[in-house]
Amino acid sequence: MGHRLDDVSGPARLAGPEEGVSQEELALAARNHGMPLEALRYDVTPPGLHYVLTHYDIPYTASSSWQLTLGGRVRRSLLLAIADLKAYPAVTQRVTLECAGNGRALLTPRPVSQPWLVEAVGTAEWTGVPLRMLLAEAGVEPGAVDVVFTGADHGVERGVEQDYQRALPLDVAMGGEPEVLVAYGMNGAPLPPQHGHPVRLVVPGWYGMAHVKWLCDITVSDTPFTGFQQAVAYRLRQGAGDEGEPVTRIAPRALLIPPGFPDFMSRTRVVRPGTVALEGRAWSGHAPVTGVEVSWDAGRSWSAAHLDGGSGLRWAWRPWHLDWTATPGHHVLSARATDAEGHTQPLEQPWNRGGFVNNLVQRVPVLCLDPDDGT
Ligand SMILES: Nc1nc2c(c(=O)[nH]1)N[C@H]1C(S)=C(S)[C@@H](COP(=O)(O)O)O[C@H]1N2
Ligand SMILES: [Mo]
């Protein structure tokens, strides 16, 4: 096995019927941590609790010497230091970020990759320059179709050595709605190393893979980008040979703030009989969330929850709440979000080879204690 690298360019391997999570998956899970779900209580995820996903190593980067190049099909190339970026008007947006692989480890069969349950999410206030301003300054030439973003991290993935690179269609990059940011601030401070210090892309409403960290180059291209993370990874495939649809915007999801208190090993929630205030968050990258329903009988019946907060923060998760009267015994709680375009969450797993865009409704096992048992 000494010099073996993973197989070239196919989609992720599928785990066998009885195959548990391997030490390789555990190593990924330990590096790429999720947001503890109790942190759903915060409007903005506190530092260190936001999920992290990094394909290769976190590069060691200094903002003092950082330079961002912008070139390709433009009238004049730009070379931008952090101070140059800060000279543009700053825009701050509250954005909920979610990994496209969120929910993957719950799939059957399981695609072997970063084994997320449902915790690959977080919300931050990102500050930076609108990308369209930098592109306007450089002057996009006719014929441009894609804008390619390169991170400073480097690795090998399924046999392909690469810099982390992703592209956006020109209309999305120039769009203004959502405002794509070249961000240098997170929650009012410089970006931490794991979130892309000193500069990253932020694409509100799109899954995480589009938000390129440690951004060092922007290239406007007159041909569609076919790099690994665009053409091989992050596509919705049923069969290994399918071309597949690209992964883009975040499908709706609602999550519960875990009610009661947990059992250490099983993480089963424990509550006492009576009124339990159920609360959570919901978001969608397609359109604003218009409804959340809650079930306490494993999805057989649903009750409408109250949506809280205004609709002013379009790209951030929205709080919701509903009281539940808990009775002694075992229960399974679920929540389901629907957005203004009618997208909702399935009750059956939306399976694909990469385990992307799996917004199957969450199932939260709860044990309600029986006071007559002396507990
Ligand atoms: N340069 C670079 N950017 C990257 C990645 C990466 O590995 N390298 N991972 C992407 C993926 S898959 C996700 S989900 C988000 C995670 O962002 P976060 O770690 O700040 O939460 O970053 C994206 N940007
Ligand atoms: Mo991701």
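All of the points below concern the structure found in this document. (Residues numbered from 1 in each chain as written. Chains lettered and ligands numbered in written order. Predicted model: local features only at pLDDT ≥ 70, side-chain atom pairs only at ≥ 80, totals over all residues. Heavy atoms only, no water.)

This paragraph deals with the sheet that holds strand β6 (residues 160–169). Read from one edge of the open sheet, 5 strands run β2-β1-β10-β5-β6, paired in mixed fashion. On the outer flanks of this sheet lie β2 (78–80) and β6, each paired with one strand and no other. Between one strand axis and the next, the sheet turns by 25° as a mean value, whatever way the strands run. Where strand β5 (residues 146–157) meets β6, 9 bridges bridge the pair, whose relative direction is antiparallel. Looking across to β6, one finds that Glu 157 is bridged to Val 160. With respect to the sheet, helix α3 (residues 131–138) is in contact with β1 (68–72), β2, β5 and β10 (215–221), its orientation differing from that of β2 by roughly 135°. (Pairing = 2+ DSSP bridges. Helix = DSSP H or I, 4+ residues; strand = E, 2+ residues; numbered from the N terminus. Axes fitted to C-alpha atoms, helices over the stretch in contact; angles between N-to-C directions. Contact = heavy atoms within 4.5 Å.)

This brings us to the site of ligand 1. Around ligand 1, 21 residues are found, and the nearest of them are His 55, Asp 153, His 195, Arg 200 and Lys 213. Asp 153 has a polar side-chain atom sitting 2.6 Å from a nitrogen atom of ligand 1. Here an oxygen atom of ligand 1 sits 2.6 Å away from a polar atom, N or O, in the side chain of His 195. If ligand 1 stood free it would expose 540 Å²; the protein chains cover 100% of that surface. Of the residues that constitute the shell around ligand 1, the class distribution is 10 nonpolar, 8 polar and 3 charged. (Near = heavy atom within 4 Å. Polar contact = N/O pair within 3.5 Å; in protein donor to acceptor, adjacent residues only side chain to side chain. Areas by Shrake-Rupley, 256 points an atom, 1.4 Å probe, with all protein chains shown as cover. Nonpolar A, V, L, I, M, F, W, Y, C, P; charged D, E, K, R; others polar.)

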